[in-house]
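Fold and geometry: a report
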Amino acid sequence: MTAKPIEADRIWRGIALLAAYGLPIFFILLPLCGFLVYSLFWVEGTELHYELTLVNYRRFFTDEIYVPVLRQTVVLCLEVAGLCIAFGYPVAYFLSGLKGRKKYTLLMLLLVPLLMSYIIKMYAIRSILGGNGFLNRSLIALGIIDQPLTFFVFNLNAVLLTLSVLLLPFAILPIFLSLERIPKNLLEASADLGGSNAQSFFRVILPLSLPGVISAATFVFVLAIGDFLTPQMVGGQSGFTFGRIIYSQFGTAFNWPFGSALSVILAAVVIVAILVGARFGGEKAGVHR
Amino acid sequence: MKRSPLATLLLSLVTLLVFILLYGPIFIPIVTSFFTVKYGSVDWSQMNLDAYAKLTGNEGVIEAVENTFIVGLSAVAASLVLGTVIALHCNSGKSRSRALLQFVVFLPFLMPPIITGLSLLIFFREVSIDRSMLTIIIGHTVFVLALVYRTILVRLQGIGFSMIEASYDLGASAPQTFFYVLLPNLKSALIGAGVLAFALSFDETMITILVTGTQNTLPLRLWAMMRLGFTPDINALVAIILALTTVMVLIAARYLIPKDFAGADA
Amino acid sequence: MAVLLELKGVGKAFGATRVLEHIDLAVEDGEFITILGPSGSGKTTILRMIGGFTQPDQGQILLDGRDIAHDPINRRPFNTVFQDYALFPHMTVAGNVGYGLKVRGTANAVIKQRVGEVLDLVQLGSLAARYPAQLSGGQRQRVALARAIICQPRLILLDEPLAALDVELRKQMQEFLKDIHREIKTTFLFVTHDQEEAIAMADRICVMNYGKILQLGSPTEVYYRPHSEFVARFFGDNNLIEGVAGDRGSVATPIGTLPCAADGTEPAAGAKAFAVIRPEAIRIGNEPGANTVVAGQVSSVNFGGAATVAVVDVAGVPLRVKLPSRAEGLPLKVGDRVQLAWRTEDCRLVAA
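Cut-offs applied
- Residues numbered from 1 in each chain as written.
- Chains lettered and ligands numbered in written order.
- Predicted model: local features only at pLDDT ≥ 70, side-chain atom pairs only at ≥ 80, totals over all residues.
- Heavy atoms only, no water.
- UniProt positions renumbered as here; feature names shortened; annotations may be inferred.
- Contact = heavy atoms within 4.5 Å.
- Buried area = accessible area lost by both parts, 1.4 Å probe.
- Salt bridge = Lys/Arg side-chain N within 4 Å of Asp/Glu carboxyl O.
- Polar contact = N/O pair within 3.5 Å; in protein donor to acceptor, adjacent residues only side chain to side chain.
- Helix = DSSP H or I, 4+ residues; strand = E, 2+ residues; numbered from the N terminus.
- Buried < 20%, exposed > 50% of the residue type's maximum accessible area, 1.4 Å probe, protein only.
- Pairing = 2+ DSSP bridges.
- Right-handed = clockwise from strand over helix to strand, strands pointing away.
- Axes fitted to C-alpha atoms, helices over the stretch in contact; angles between N-to-C directions.
- Patch = residues over 30% accessible without salt bridge, like charges linked within 9 Å, V, L, I, M, F, W, Y side chains within 5 Å.
- Areas by Shrake-Rupley, 256 points an atom, 1.4 Å probe, with all protein chains shown as cover.
- pLDDT = per-residue confidence, 0-100.
- Domains from an automatic or database assignment.

An unreviewed UniProt entry annotates chain C as ABC transporter ATP-binding protein of Dongia sedimenti.

Labelled according to an unreviewed UniProt entry, chain B appears under the name ABC transporter permease, originating from Dongia sedimenti. In its Sequence similarities (unreviewed entry) section, UniProt records this for chain B: "Belongs to the binding-protein-dependent transport system permease family. CysTW subfamily." What UniProt records for chain B under Subcellular location (unreviewed entry) is the sentence "Cell membrane".

In structure tokens, the structure reads:
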């Protein structure tokens, strides 16, 4: 290692280093910085003014549409995270009780749908939930209802259900991993000291798996809040989310600086979520403060 | 620890429900693809492959499939090369610049795709790069890079330094060390990461929709068609895509999951 | 003493491997009993069966005349100190120690008071608010012990609790455990693979190997009167001289026919056997009271701190002799011709 690299080596190294730093900086960092700066420009009609101003941010906070939509979207995504955990936790707990190959095969099967076409799943869920969809027709056929139910058709409820089904595997994995990390002898110790199954679960397993639950919630929340296609597809007119508003600024509204400002705000929400997740989730937390 | 039978029953019922929720939306189009669909309702009386025959004549879809493969393969190639170079560099020491580089690489993975997509959209406009297949490829590369980088880095850390030092000690140059020592050891990680990256690229919609010009990848094509309602041949396409994805997942699992993990006993 | 717990014909197999064969063992009330054996001997399996963590395939575990072999863990009046302590990482020391009372629905004020008492007993009163991750190995050990004794179990099971500690600390903890045992007068069942630890702590030692109990008795009994080759070899550096058993406890060996103390466990006449002599029981020179005298040549002298071990070649059989060391050195050097002598009661006979 102490020998001086020969000339060809040095050139080779130089090119590699240039690529290693240059490309990510050029195609990731620079666009993100540019996008921050863009949010400080302003638009008049169709003309873009390259002057720094906070007018976009002021508009976000003063206009009566945007803050409520953001709040509504955050609540929606928290609900998605909640639903995903409500279903994901029992599944992860069930998996962690299985043995050997069966456990990992089942885990794989639960994760595979993540890689299956997102648009198609969304479409299939829409066709199940729709006014004339599988669910309504089945309920009518079974005589449970006589009019199609509408509370999950083209509204925020539909968005909630669809996102939950799409993102559920993201909740199962971190919870499963945190359950797997709990040493078996802690459960033995709990039973040995007289704890019933329920006591062992609520006093030992549940608190020790909380970091995984928080990681799961963070994952699902971040993925849900960034999704602008699902709300568009299943949300109809009333299922308006923050992502859709951002997207519309780059399409129909054609106000890129304002869209950028809204995205910066979205990014801020995401960063807060990730920081909260990192603070309370992960491996170390919960062991001691 | 033994769980009570009641708890086990409830847990398995929830698990079953979740399986139905996850796989229902996947199986419905597959099953439907083997039957004739007329006026929005399915004729269950007879199985046939009409939908598959019709698909071969759908030029828009076929072109989208071609584009998807071009984008996917290019993004995989670019991200593998770049990911390997960055991983080699970051594994060779500790420094502030390396930490920053790693952070930058992870940004598109942490941030919602809409932010990655929009920042690239603005960037391409400001540096006057017309939106084309190239911009889609750049978008996908940026998106999958973190995953590829991470996979390679983990493998490199597993290899350790002594093997690299031994190679230098025996008089090999850096490229020789890379091609004779590192590459053979990285092979399975590269294959696994490549397949996973392809699968991600294959399904990427949100960045693509922002950085595409007039070209359609398959998800974009499906997106556009879905708003009007699907023709029956799309069910056939879905079945084919899902079969393909399953194969890719199996390949990726074969290369990325250590054997003792898959066969591990509690 | 009254019998507290009785294992009757207990057997267990994991797949094709038999880990326990027909174990009979009576644990007496208030004693400190140690199960000693190498890894894989089945000692931990016995502890886990008593604790309820595994079930026997055959046999009974009787407590107050009732078979508890298949009772759930949390219904048994026993508590365990686990090998790696198994402290709950998300609870404080007080939370860990109070857990057993909490799950029984004890009032918080009572829990607080009892936790305080038990922590004082294990000398950890000042650390009640710490988390396990903030404690040293020895402190965790004490928390684990406090947690196990707070519910006043009938029996405390200790699964190699000192294995993770370094030598000095282990010595301290051995004494500490003995003190606690004297203090609370609860029965202790202690599992270890370390014979010195077993001797230092136990009232009775149960030596196990291959899933069987080989010998059960006081530390002096198993140390000085081994009943089998395994036990003779397991306790330190005994001299084992191979030969053929003769009448009335004698054994014919290459160094002569050696008389041995008999206690009825010897092999029958004509069987292959070992004469077992502890190295510290052998004297140099013809000592009064010694019944057996042999002659040999010193082949090595090894200073080992408190004791010096000389190896003496007697007709081709090397015998180790352990002597107290002296600062000026022993009057022995390699090549010296010496006489070795020992008493008949220091020579035992075991089957080969």
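Each partner contributes residues to the interface: chain C has 24 residues there, and chain A has 22 residues. Area buried by chain C at its contact with chain A is led by Asn74, His90 and Tyr99 of chain C, which between them contribute 26% of it. Inspection of the region where chain C meets chain A yields one salt bridge. Its salt-bridge partner being arginine 48 of chain C, residue glutamate 188 of chain A comes within 2.6 Å of it at the nearest N-O pair. On inspection of chain C and its partner chain A, the count reaches nine residue pairs in polar contact (both at pLDDT 80 or more). Listing elements by their share of the side of chain C that touches chain A, those giving two or more residues are β6 (78–81) and α2 (93–102) of chain C.

For the rest of this paragraph, the subject is the pairing of strand β8 (residues 187–192) of chain C. Residues and elements named next belong to chain C. The element β8 is largely enclosed, with a buried count of six among its six residues. In terms of strand pairing, strand β3 (residues 32–36) meets β8 through five bridges, oriented parallel. From the neighbouring strand, leucine 36 faces β8, where its bridge partner is threonine 192. For strand β7 (residues 155–159) and β8, the ladder comprises five bridges, and the chain directions are parallel. From the neighbouring strand, aspartate 159 faces β8, where its bridge partner is valine 191. Once you follow β7 into helix α5 (residues 167–184) and on to β8, the crossover reads as right-handed.

Right, let's get into the sheet that holds strand β20 (residues 347–351) of chain C. Residue and element names in this part refer to chain C. Strand order in the open sheet formed by five strands is β13-β12-β11-β14-β20, and the pairing between neighbours is antiparallel. The strands lining the two open edges of the sheet, one partner per strand, are β13 (256–259) and β20. Between one strand axis and the next, the sheet turns through 40° on average, direction left out of account.

Residue and element names in this part refer to chain C. Relative to the helices and strands, asparagine 238 is located in the loop between α8 (229–234) and β11 (239–245). There is a polar contact of 2.8 Å between the side chain of asparagine 238 and the backbone oxygen of alanine 232. When sequence neighbours within four positions are dropped, the list of residues in contact with asparagine 238 reads Ala232, Val276, Ile277, Arg278, Pro279 and Arg320.

Contacts between the two partners involve 80 residues from chain A, matched on the other side by 79 residues from chain B. Here chain A packs against chain B, burying approximately 7600 Å² in sum over the two surfaces, 81% of which is carbon and sulfur. Joining chain A to chain B, the criterion identifies zero salt bridges. Joining chain A to chain B, the criterion identifies seven residue pairs in polar contact (both at pLDDT 80 or more).

Our focus in this paragraph is the sheet that holds strand β1 (residues 3–14) of chain C. Residues and elements named next belong to chain C. With antiparallel pairing, four strands are arranged side by side in an open sheet as β2-β1-β4-β5. Two strands in the sheet have a free side with no partner beyond their single neighbour: β2 (17–28) and β5 (66–67). Relative to β5, strand β4 (residues 58–63) runs antiparallel, the two being bridged by two bridges. Pairing of leucine 63 across the sheet is with arginine 66, part of β5.

For the rest of this paragraph, the subject is the UniProt feature "transmembrane region" (unreviewed entry) in chain B. Using the residue numbers shown here, the UniProt feature "transmembrane region" (unreviewed entry) corresponds to residues 69–88, 100–124, 136–156, 177–200 and 236–257 of chain B. In residues 177–200 of chain B, the share of helix is 100% and the share of strand is 0%. The end C-alpha atoms are 31 Å apart.

This part is about a nonpolar patch on the surface. Residues and elements named next belong to chain B. Taken together, the side chains of Leu6, Leu9, Leu10, Leu13, Leu16 and Ile20 define a hydrophobic patch exposed on the protein surface, amounting to about 620 Å² of accessible area. Take leucine 13: it is sitting in helix α1 (residues 5–32). Judged by relative accessible area, leucine 13 falls into the partly exposed class, the value being 49%.

Residues and elements named next belong to chain C. With respect to burial, helix α1 (residues 43–51) is a largely interior element, seven of its nine residues being buried. When α1 is considered as a whole, its buried residues turn out to be Lys43, Thr45, Ile46, Leu47, Met49, Ile50 and Gly51. The first or second residue beyond α1 is glycine 52, which carries a positive phi of 95°.

One rule of thumb: low pLDDT means the predicted coordinates there are not for detailed reading. Taken residue by residue, chain B gives an average pLDDT of 84. The fraction at 70 or more is 93%. Within the model, the stretch residues 260–266 of chain B combines pLDDT values under 50 with 11 contacts to residues more than four positions away or in other chains.

Further remarks concern the domain arrangement of chain C. When the parts come together, some accessible area is lost, and that loss is often what is quoted as the size of the interface. Residue and element names in this part refer to chain C. Assigned domains of chain C: these are domain 1 (3–224) and domain 2 (229–351). For domain 1 versus domain 2, the separation of C-alpha centres amounts to 38 Å. Tallying the contact residues gives 14 residues for domain 1 and eight residues for domain 2. Summed over both partners, the interface of domain 1 with domain 2 comes to about 980 Å²; 71% of that surface belongs to carbon and sulfur atoms. By the criterion of area lost to domain 2, the three top residues of domain 1 are Gln195, Tyr223 and Tyr224, representing 48% of everything that side buries.

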